[in-house]
Amino acid sequence: MPRRFFDDQDFLSGQAVELGASASHHIGKVLRMAVGDELVVFNGRGGEWLASIAAISKKAVTIEPQAFTDEDRTAPLAVTVALPMIKGERMDYAIQKATELGAGELVILDTERCEVRLKGERQEKKLAHWQQVAISACEQCGMNRVPAVRGVLSLRDWLASDLPALKLIAHPGEKPFSPAALQTQPALALLTGPEGGFSDDELQRAADAGFTPFALGNRVLRAETAPVALLAALWAWHGH
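Residues numbered from 1 in each chain as written. Predicted model: local features only at pLDDT ≥ 70, side-chain atom pairs only at ≥ 80, totals over all residues. Heavy atoms only, no water.

A.B. asks: Before we move on, could you go through the pattern of salt bridges and cite the residues and values that matter?
C.D. replies: Counting across every chain of the model gives 13 salt bridges. Between Glu 48 and Arg 73 there is a salt bridge, with the nearest N and O atoms lying 3.1 Å from each other. Highlighted residues: Glu 48 in strand β4 (residues 48-56) and Arg 73 in the loop between β5 (61-69) and β6 (78-84), separated in sequence by 25 residues. Close ionic contact of Glu 105 with Arg 150 constitutes a salt bridge, the shortest N to O distance being 2.6 Å. Linking Glu 105 in strand β7 (residues 105-110) with Arg 150 in strand β8 (residues 148-154), this pair joins segments that are 45 residues apart in sequence. (Salt bridge = Lys/Arg side-chain N within 4 Å of Asp/Glu carboxyl O. Helix = DSSP H or I, 4+ residues; strand = E, 2+ residues; numbered from the N terminus.)

Structure below.
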């Protein structure tokens, strides 16, 4: 099966086009693909193109799109995953796996017990890196629409934003979550906490905003594990 690459531009059948720096570097320098090799390209706006490499230079790779496939592998439920900043590669893992499991949007939060806090240029670089992690995950898993990575937002501001009617928070609670709700709602917001958990004040704010506690058994999941495990459970209940 041809390798898949994301490039944010329009493609037309039979019209040669030069790929951007990231895709060109990966194809020409990392994978060392050759002229004539087949590949698949997608631009995040739905569908994908079967293409072949027309030319490779020191700075760019030129391809010729040949056939468009209007295949949308987007999950049937629009899921926004809001998670705190986590140290090091564990943050990459959470974003990568949440993308593979069909998250439609990823929101990075600053919570009271966050392990990491970023400001200014360092924060912008991290957000760009996390967006690239999501892009790479889409290239690997077959998704044609890349989830946006937004942030860094305070939990208070995010809770006050326009959220779906169905809202779940990863935390044990007396109020049970009914999986049947997944069949009647077009979207949901899934909120997961930092390694030290949410504070009492944050839990109350989430409850006031309409969030229902959602947990898997009586075990405490790590911050990078929670969104992955909960998404997998949601899709199992949804039948997707």
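Following the structure, the description resumes.
A.B. asks: An account of the layout of surface pockets is requested, with residue identities and associated values reported.
C.D. replies: Here the largest pocket defines a volume of roughly 390 Å³. Lining of the largest pocket is provided by 20 residues; of these, Ala 170, His 171, Pro 172, Val 220 and Leu 221 occupy positions nearest its centre. For the lining of the largest pocket, the residue count by class is twelve nonpolar, five polar and three charged. Of all the secondary-structure elements, those providing two or more residues to the lining of the second largest pocket are β1 (3-6), α1 (21-30) and α3 (120-141). Counting residues per element, the lining of the second largest pocket draws most heavily on α3, at four residues. Looking at the lining of the second largest pocket residue by residue, the class counts come to four nonpolar, four polar and three charged. (1 Å grid on protein atoms, 1.4 Å probe; cavity = no way out; pocket = protein on both sides within 12 Å on 5 of 7 lines; lining within 4 Å. Points joined across faces, edges and corners; volume = space filled by probe spheres on them. Nonpolar A, V, L, I, M, F, W, Y, C, P; charged D, E, K, R; others polar.)

A.B. asks: Can you lay out the sheet that holds strand β11 (residues 212-214) for me, pointing to particular residues and giving the numbers?
C.D. replies: Spatial ordering of the open sheet is given by β8-β7-β6-β10-β9-β11, a layout of six strands whose pairing is parallel. In this open sheet, the two strands that pair with only one neighbour each are β8 and β11. Within the sheet, the average angular offset between the axes of one strand and its neighbour, ignoring direction, is 25°. Sheet strands touched by helix α2 (residues 89-100): β6 and β7. Its angle to β7, the strand with the most contacts, is close to 150°. Helix-sheet contacts for helix α6 (residues 226-238) involve β6, β9 (166-170), β10 (187-191) and β11, and the interaxial angle to β10 is about 150°. (Pairing = 2+ DSSP bridges. Axes fitted to C-alpha atoms, helices over the stretch in contact; angles between N-to-C directions. Contact = heavy atoms within 4.5 Å.)

A.B. asks: So, the state of the cysteines: which residues are in play, and what are the values?
C.D. replies: Tallied over the full model, the rule gives zero disulfides. No disulfide involves Cys 138; its sulfur sits 5.3 Å from the nearest other cysteine sulfur, which is in Cys 141. Accessibility expressed as a relative area gives 29% for Cys 141, which makes it partly exposed. (Disulfide = S-S within 2.5 Å. Buried < 20%, exposed > 50% of the residue type's maximum accessible area, 1.4 Å probe, protein only.)

As far as function goes, none of this settles anything; it's purely spatial.
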